[in-house]
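Descriptive structure summary
Given next are the chains, with one letter for each unit.
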Amino acid sequence: MSFPVYILSKLQGCSMRPLAPEALGGAHALWQRDVRLLPAFEPCRNEVYEGYATSGGPGCGAVFICDGVGSSLDAAHALHAAGALPVWTSVLAVSQQSGRGQMRRQWVSPAGNIYAALRFPAASNYPDSLSSLVAGYVFARAFEMCGIDVRMKWPNDLLLDDCKMAGILLEDRNGALLVGIGINVAHFPRADCLREGAAVPACGLAARGFDFAPFELWRQLVDRAFFCYRNEVLRFSEDGLISRLEAYLAWVGRVVMIHGSDLGSCPGRLMGLSHDGALRVLLSGREQVLHSCSLSPIS
Amino acid sequence: MAIKTFNQVLEEVKGKPILVANRGIPARRICRSIRERFDAVAVMTATDIDKTSPAASAAQELLLLGSDPRAYLDIDRIIRLAKQRGIIAIHPGWGFSSEDPRFPSRCAEAGLLYIGSTAEAMNLLGNKVQVRRLAKQLGIPVVPGSEGAVDVPTGRKIAEEIGFPVMLKAEGGGGGRGIFLIKSQDELEDAFVKASTMAQASFGNPRLYVEKYLPSVRHIEIQVIADMHGNVFAFDERDCTVQRNHQKLIEITPSPWKGITPELRARLKDYSRQLVQEVGYYSLCTVEFLVTDDGTPYLIEVNTRLQVEHGITECRYGIDLVEEQIAVAFGAQLRLKEDDMVPTQHAIQVRINCESPQNDFAPNAGLVTRYVSPGGPGIRLDSNLSAGYEFPSNYDSAGSLLIAYGKGWEKALATLNRALREYVVGGIKTTIPFFKQIVKHPKFLDADFDTNFIARTPELMCYTDLEPEAERLARLVAEISAKGYNPHVKLDEYRTRETPRMPDFRPVLPEITSRVRKTASPYPVGDRAALLDMVRDSGYVHFTDTTARDITQSNSGNRFRLAEDALIGPYLDNCNFFSLENGGGAHFHVAMLANMTYPFTEAAHWNQFAPKTAKQILIRSTNILGYKPQPRNLMRLTGEMICDHYQIIRCFDFLNHVDNMRPFAEVALNRSGVVFEPAISLSWARGFDVPHYLQVTEAILRMVADVAGVSSAKASSMIILGLKDMAGVCPPRFMTELVTALRKAWPQLVLHYHRHFTDGLFVPAVGAAAKAGAHIVDTAIGASVRWYGQGEVLSTAAYIEDELGLKTNLNKEMIRSCNFVLKQIMPYYDRYTAPYFQGIDYDVVEHAMPGGATSSSQEGAMKQGYIHLLPYMLKFLAGTRKIVRYHDVTPGSQITWNTAFLAVTSAYKRGGEQEVRYLLEVLDNVTRHSEADLSSEMKEARLALYQDSNDAFRDLLMGKYGKLPLGFPADWVYQSAFGNEWQRAVNCRTETSPLEFVEDMDLAAEERGFVDIIRRKPTDEEFVMYLNHPGDAVATIQLRQQFGDPNNLPLHVWFEGIEPGRELNFTDSHGKPHQMTILSISLPDESGMSVVRYVLDSEIMSVDIQVAEPHADDVQGLEKADPANAYHVAAPSNGDLWVMYVHPGDYVKKGEELFNISIMKQEKAVLAPVDGMVRRVLRTADYKENKQMVPVKGGELIVELGPVPTLCPNEKCRHPITIEGVGFCPYCGDKLDCACKA
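Computed from a predicted structure; not experimentally measured.

**Points about the overall build of chain A**
- Counting secondary structure elements, chain A contains six helices and 15 strands.
- In chain A, which comprises 299 residues, the share counted as buried stands at 58%.
- Residue pairs in contact within chain A that sit at least 24 positions apart in sequence constitute 66% of those at least 6 positions apart.
- Total accessible area on chain A is roughly 11700 Å²; 50% of this is exposed by carbon and sulfur atoms.

**Some words on the sheet that holds strand β40 (residues 1147-1148) of chain B**
All names here are of chain B.
- Pairing within the open sheet is antiparallel, and its four strands lie in the order β38-β45-β43-β40. Of all the strands in the sheet, just β38 (1128-1130) and β40 have a single pairing partner and so form its edges.
- Pairing of β38 with strand β45 (residues 1197-1202) involves three bridges; the strand directions are antiparallel. Among the inter-strand pairings, H1128 is bridged to a residue of β45, identified as E1200.

**Re the environment of G182 of chain A**
Residues and elements named next belong to chain A.
- Within the secondary structure, G182 sits in strand β10 (residues 176-183).
- What makes G182 buried here is its relative accessible area of 7%.
- Placed 75 residues apart in sequence, G182 and W107 show a C-alpha to C-alpha distance of 8.1 Å.
- When neighbours within four sequence positions are excluded, G182 is seen to be in contact with W107, I114, M165, A166 and G167.

**Overview of the interface of chain A and chain B**
- With 34 residues of chain A at the contact, the number on the chain B side is 29 residues.
- Surface buried jointly by chain A and chain B totals about 2700 Å² across both partners, of which 51% is contributed by carbon and sulfur atoms.
- Between the two partners, chain A and chain B, sit three salt bridges.
- The partner of R173 of chain A in a salt bridge is E1153 of chain B, with the nearest N and O atoms 2.4 Å apart.
- Counting every contact that joins chain A to chain B gives seven residue pairs in polar contact (both at pLDDT 80 or more).
- Top contributing element to the side of chain A that touches chain B by residue count: strand β9 (residues 163-173) of chain A, with six residues.

**Considering the nonpolar core**
- F577, I642, L723, M735, M1076 and Y1094 of chain B are the most contacted members of the largest nonpolar core, which has 145 residues in total.
- For this core, the element with the most residues is helix α28 (residues 812-833) of chain B, which contributes 10 residues.
- By size, the runner-up hydrophobic cluster in this structure holds 103 residues, among which are I65, L92 and F215 of chain A together with V1148 of chain B.

**Points about the pattern of salt bridges**
- Going through the model one piece at a time under the given rule, you end up with 90 salt bridges over all chains.
- The salt bridge involving R100 of chain A is made with E171 of chain A; its shortest N-O contact spans 2.8 Å. A residue pair is termed long-range when its members are at least 10 positions apart, and R100 of chain A in the loop between β5 (90-93) and β6 (114-120) and E171 of chain A in strand β9 qualify at 71 residues.
- On the basis of relative accessible area, R100 of chain A is assigned to the buried category, the value being 16%.
- On the basis of relative accessible area, E171 of chain A is assigned to the buried category, the value being 2%.
- Between D68 of chain B and R70 of chain B there is a salt bridge; the shortest N-O distance is 3.3 Å.
- Looking at R70 of chain B, the relative accessible area reads 60%, which means it is exposed.

**Some thoughts on the packing of aromatic side chains**
Residue and element names in this part refer to chain B.
- With the rule as written, the count across this model stands at 47 aromatic pairs over all chains.
- Ring plane angle 70° and centroid distance 6.3 Å describe the contact between Y693 and F734, whose orientation is recorded as edge-to-face. You can see Y693 sitting in helix α23 (residues 690-708) and its partner F734 sitting in helix α25 (residues 732-745), a full 41 residues away along the chain. Residues Y693 and F734 agree in their burial class; the two are buried.
- Put simply, the rings of Y485, Y494, F560, Y829 and F1055 touch in pairs and so form one group of aromatic residues.
- Here R989 stacks its cationic end above the ring of Y974, 4.8 Å away from the centre of that ring.
- Note that R1040 overlies the ring of Y598, its terminal NZ or CZ placed 5.4 Å from the centroid.

**Some words on the confidence of the model for chain B**
All names here are of chain B.
- Residues with a pLDDT of 70 or more make up 97% of chain B, whose mean pLDDT is 89.
- For the stretch residues 1234-1238, pLDDT sits under 50, and the model shows eight contacts to residues farther than four places along the chain or on other chains.
- The complex model carries a pTM of 0.61, and its ipTM stands at 0.79.

**Regarding the packing of helix α19 (residues 586-594) of chain B against helix α20 (residues 599-609) of chain B**
Residue and element names in this part refer to chain B.
- Packing of α19 against α20 brings their axes to within 9 Å, and their N-to-C directions diverge by 110°. Considering their axes alone, α19 and α20 lie roughly perpendicular with respect to each other. Across the interface between the two elements, H587, F588, A591 and M592 of α19 pack against P599, F600 and E602 of α20.
- Of the residues contributing to the contact of α19 with α20, the split by class is five nonpolar, one polar and one charged.

**Points about the sheet that holds strand β2 (residues 41-47) of chain B**
All names here are of chain B.
- Reading across the sheet, the five strands line up as β3-β2-β1-β4-β5 and stay open at both edges, with parallel pairing between neighbours. The open sheet has two edge strands with one neighbour each: β3 (61-66) and β5 (113-114).
- Where strand β1 (residues 17-20) lies against strand β4 (residues 89-91), three bridges are found, and the strand directions are parallel. Within β4, the position partnered with V20 by the bridge is H91.

The rules behind the values
- Residues numbered from 1 in each chain as written.
- Chains lettered and ligands numbered in written order.
- Predicted model: local features only at pLDDT ≥ 70, side-chain atom pairs only at ≥ 80, totals over all residues.
- Heavy atoms only, no water.
- Helix = DSSP H or I, 4+ residues; strand = E, 2+ residues; numbered from the N terminus.
- Buried < 20%, exposed > 50% of the residue type's maximum accessible area, 1.4 Å probe, protein only.
- Contact = heavy atoms within 4.5 Å.
- Areas by Shrake-Rupley, 256 points an atom, 1.4 Å probe, with all protein chains shown as cover.
- Pairing = 2+ DSSP bridges.
- Buried area = accessible area lost by both parts, 1.4 Å probe.
- Salt bridge = Lys/Arg side-chain N within 4 Å of Asp/Glu carboxyl O.
- Polar contact = N/O pair within 3.5 Å; in protein donor to acceptor, adjacent residues only side chain to side chain.
- Core = buried A, V, L, I, M, F, W, Y, C linked by side-chain atoms within 4.5 Å.
- Phe/Tyr/Trp six-rings, centres within 6.5 Å; stacked < 30°, edge-to-face > 60°.
- Lys NZ or Arg CZ within 6 Å of the ring centre and 35° of its normal.
- pLDDT = per-residue confidence, 0-100.
- Axes fitted to C-alpha atoms, helices over the stretch in contact; angles between N-to-C directions.
- Parallel < 35°, antiparallel > 145°, perpendicular 65-115°, else oblique.
- Nonpolar A, V, L, I, M, F, W, Y, C, P; charged D, E, K, R; others polar.

The following block contains the structure:
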C-alpha cells in the first residue's frame, strides 16, 4: 500500500510558514536528502489545506509536512477538527515556533530534528492509562528495529545510554489521541541549556553516529510502530503487555531518585509497573504505586 | 557585661525559658544541659513532622513552627515567636542557621541573648578567607593558596606558584562540599567554570579560591572555649580523620596517631588560643587543622559553634561544654583552669546515621521497628531514635551519636566494639554494621589512617548485616500468616487466610533400630569395580529409589524441602536400594525457585542422614544442571562438585548425541568412587528400533573407551548404561527385545532401566526388562507415587518375584515404615501443589509427551484459555514426531510442546477451530503419504505447519542442540519454519556438538559481578549455583539472607502460616528453641498493608506486610460528579490536574477547554460539554506558575457549570450578562430588557 506525503503551505485553523518542496530541501542538509529521494511533488488544494502532494511509498498512513507551526500537535488538532486525520496519519514539522513538552514546557525546535504528531489508536485491549506507555513502547520497538537500542524512562521518554533522545507527549482532545514526539536527530540541547532539574542529559542520533534524515526516519518509525502495535500490543494479554513494557523500562530493579509531588526527592528501588501502568517503587521497604513522579538515575 | 560567677548565672536563668532553635540530636543534647544545672525551661522548636520525634521528649515545651519542614531556617520568624513566648536566650545548636552571622545580630536587635558569639567575631573567624588572612598575620601556617576568591588568570598564576595538584574550593562551601581537585593546568579552565556554576547553584555564591592539595593528611581539631573577659581554654585535640567525602564519621580524642606529639599538641592549642584572643571571640569554637605525615599542621578553618563531636571532649575531661557555653553567654567567667583540668579518658564517637553504607550511603528513612540501645560502663548515647519512630526523610540522616570512653585507646575501642554489638536498630539500615567493620580493621586499630581511609579501603563494605535467624524466620511466618499463602513457593495465591487448614504437622516416626542402622549396606562403597561386579553377579534385580528426586520435583510446590528429606532419608537408607536418586534434573533448579534450598548443601546433608546408600544424580549432557549448553570450564567446575556429593551419575542427551556427554565423562571416569551412567533416551517410533539403539550404545562405549584409554569391551564393564524412557511409551515386548540384544552384544554391561508410568504399563514393562536381564530398575515409595513419575516399589517387586520368578533383596519392612512416614507428609504437598492431571494417558504412545509435562502443559493450556484446543495440540505432537524425529525428553519435549501449542493457537487465531482442523488434516496427509503421492496443493499447504514455530524449534532444526538422531527432516520443514530464509538455514545446519561453539566463561569476571550483587565473597556452592541459574541463585541467597533457613519451620507453617493466638515452637540453625505467637493481623490499610503484631520469645514485635494492592480509588470525602447532569464536569480518570483555565463567573462555549489532566504524560483536555457559565471550580492548578500538580480522582467533580444567564440583545455583542440587576450591558452599553433572557 502506498501512502501520500503532503507539504502544507496553508491549513485551516492553524497558522504556519508557507512551505514549498524547494524550501523544504533548503531547511536543512538532512531534509535536502529526504526531498531528493521522494518523487516529484504536485500542487494540491482542498477546503482544508493547500500545498503539494506526492507518493511516499509503502507505509501505513499519510504524512503532512509543515514548517513554522506553533507545534505539530496544533496542526494535527486542526487536521482532526477538519476530519482529515485518520489513525496512524501524522504531521511532521520541520521546525516549531513554540514546541511543547509536558506541562507546556518549552521544546526548542530547530530544523533537522523530528517534531511529529501522530494520531494514535484509542486504548483497546489495555486500559487508557497505559496509552502513554504503549506509545513509548511502540516507538522504542520501532527504534530497535532501526538498529537503535533505546529504553523508556517512565513513562515514555526514550533514552539512548541513559541520555534523552526523544520525548513523547500524548494529548487527548476531542476524541483524538495524539502522540507528539520530538526526536533529536541533528541537534540536541547541551547540558547547560536543559531546564533546571532535568533528569538526564540529552543526546542526538547524528552525534551518536546514526545517519538518518528526518522524513525517512519518521516514515520507518511509523511503519514499524504500526507493525508492533498490530502484531504485539493487540495480541498481548494484559499481564503480557505489562511485562513487555517493563522489559523496555529503564532502571528496573535499580535504585533511582524519585522526584514526586508529595515525596520531595528520595531514593527508591524501581520495581516495575502496576496493572494500570503506574510505577511500582520500593520506598523505605514498602512497595508504593506512584502515578506521578519523575525519575533520575543515581550515578 | 559585668563579670559574673557561675552561680550568679544559675540564679539569673532559673525557671526562665531558653529556646533551642534546632531539632534532633543537637536540640535534645542542649535541652538536657538547660535543665540539668540551670533548672531553666527547655523550649525546642519543632515543625509538624518533629513534634513527636524522640528528641522532642527532652524539651519541656515546644515552639511549633508548622508544616514547612524548612521552617528551622526562618530566623526572623523563630525570633518573633520566641519573643511572643518570652524566651530569654536562644541556642542555635549545630547545622541550620548556627553559622549564620545574621542570627546573633537579629537576636541582639530583638533583645534576646544569643548563646554563641557576636556577629562580628563570627564573621572574622567563620569566614575562611578572613581567617586565613588573620592566621598569616599571626604566623599560623595555612594551606598555601589564594587570598580569597580569584578569577581564572589569578587562579592559574597561584596554581603555578604553589604547584599542582590544587583544589578549587567554593567560598560558600563547607562540610566537604564544593571542592574540586585539579591535577594539571589543562584541567583548570574547564573545572573553574564547572565549579563556579555548581557553587552558585549549591551555595548561592559562585566565588572560588585555590588551595594546595595535600595528599595524605589527618584532620585534627582543637576545641576552644572563651569568655567575654579574655579567658581562653583550649582542650586536647580531636582526631576526625576518618571521613567519607569530607564528612566526618568517627571522632577520637586524644588522637591515637603517634605523630601527635606533646609539642605539636601544645603548638596547635597555642595557635587556637591566639586566633580566638585576637578577634575577641567568646563562646565555643573549634579550630581545624590538617596535619601532614611529617607532623606539619595547616590551619583550614574555624567553626564558630558547638560541634557534633563535642561529646568526646566532654567525656575526656568530665565536663559539660554546653553548660559552660550557656554560662559564658550570660557573662560568667570561665570556670576552667589549665592547672586543674587534667584529662583522664580516651573517647571515641561514631555517627550512627540512617544510611545504607552498601548502597553508597543512601539515606534510609522509614519506620524503626525495633530499638535496643547499648549501655553499661563507658557508653554515652545522644540519639533521635526509638522503636516505632518513623524516621523522616526531610532532614539529615543523623540517628544517634554513640560515644565510648575509657582509660586508654584500647579500652575505649573495645567498649565501642561491644556497644556496637549490643546496638539494635531494626526496620531501617544504619551505619552500625559498617562501623563494626571499621573498629576491627587492623589499620584502624593501629591508628594508621588518613582522610582517604574509607575511600581506599573498599573491603569495609563487604559485610552482611543480619539480624538473629529467629527474628528473620518470625518475619517470614508473619508474612505467610498475613497473606494466607507462602509467596516464596511461587504457586500464586494458592490459599487465603480463610481457607480451612491442615492439622498441624506432627509426624509419627517409627523407630529404626540400632541393629538395622549398624548393618552395612549390601553394596560396596567407594569402589566402582567392586560395586559393578556385585550388581552383575548377585543374581538379584536391584532397585533405585526415585522418591526424593523424580517424583518430588516437578513444580516448585511438590519438591520436598530438606526438612522432609531428612525425615524419610534414614528409612530409605535402610531399604537395601542400589541407590537413592536425590538430585539433578529440575530438582536442582527448583531447589532455588521455591525452597530457598542450596542443592549441594542439601546433598551433603543427605550423605549425613542417609550415609550407607549410594546417591544418584541426573544431569543433562551439555547443559549439566542448566537449560543451555555450558562452557567446558563451567562444566568441569559443576562436575567436580557433583562428584563430591554423588556416587552414581546418570547423564543423558535428548538427541543421544554422544559427543555432548564427553566432557562430563572426562570428569566422572577420573573418580574411582563414582560410577558414570550414560543413558540412552528412548522413543518408540519408526526408526528408533533395536539396531538403532545398538548403534547408539556402541558410540557411547567408544567414547567411554576413548576417554578412559581402554578397549570398548573393557569400557562396557566400567560403566552402567541407563535406558531412559521419559515419556513412558516403550511397550514390554520392545524392552524384552532391546535388553536381550544389549545383553547379548555386551555381556559385561550393567543395564539400568528408568521409565515413567504415563502409559499405565509400568510394571509389565519393568518386569520384561528385568526378565530380559536389566540389572537395576527405578521405582519409588508407594505414598509418593503419582502417574507422572515412576511406579511403586513393592508391587513391582511382587510382580518380578511372584510372576516372573526373579529375586530381589529389598528390606520390605523398612519400605513400609518409610511409606508410613510419607503417607503423613504427602497430603501437605498434595493439597496445594498437585499438578492438574495425574492420571494415566495411554495416548502418550502417540503424542509422547513426557510424564510431568503432561500435566504442566495441560495447566498451561487451561490458564491461557486454550483447554479446548488441547486434543488438537496432542494430535499435532503426534504428527510432528513423524516429521522431526527425536526423543521426547527434556528439553526436547518442551520444544515439541511449544511448537504444537503455537501452531494450533495461531491457526485458531487465524480462523477458529475450522482452521485448526484444516491444519491437522494437512499434517495427517503429509505424514501418511509419501512425497510422490502428495498433491501440489498439499505441498503448498504444509508450509503453514511450522510457520509459527519459535526460535527453539528453529535452533533444533539447525542442529544447535546437537545432531538429530535420524538426520535432518525434509527441506519443506525448513521452508515452513524459516520462510524466505530457509535456503540459508539449510546451508548453515550443523551436526557438530554445540560444545564446540561455546567459549569458556571468564570465571573471575563472573565472580566479581556476583560479589557486587551479594556484597560478600560467595561460597563455592553459591558460585556454582549462580553460574548455572544466576537470577534464581541470587534470589535464593538473598531470601536465605532475609529469612534464614526456612527448613526450621514445620511443614504446615511453611504452607499456611499460623493463626493468631496459636503458639509456634521452632528451633533455629544453632539449635536454640524459640516460641512465637501472632497477636493480631490488622485489616489492610489503603496502601494494602497489614500490620502483624507478634510475640517472639517474650519480645513484642510488629511488621508491615503488603497483603493487597494499594487502592487508589478512594473517592470518599470528594464531591462526585453526577453523570446525568450535563453541567457537571468530572475528572475523566485518576490523574494530576495541572492547569485550570476557567474561573467562577467565566462564560464558556461548548468545546472550549476547561482544564487539563496529566496521566503519566498523557494530557487529557477536558472540554465544556455545553455552553454555560462557570459556577464553581472545585480544584485548581497552575503548574507553570507554581510547579504544583493536584491529584484528582476519576469521577470527581472539578468544574460545575450553570446555564447561560442572559445574553446582551445587541447582535454585535451577545456577551453574557453575568451581573444581576444591571440595566445596561457592561460590554457594549446597550440597554438591557427582560426579553433578552436566554
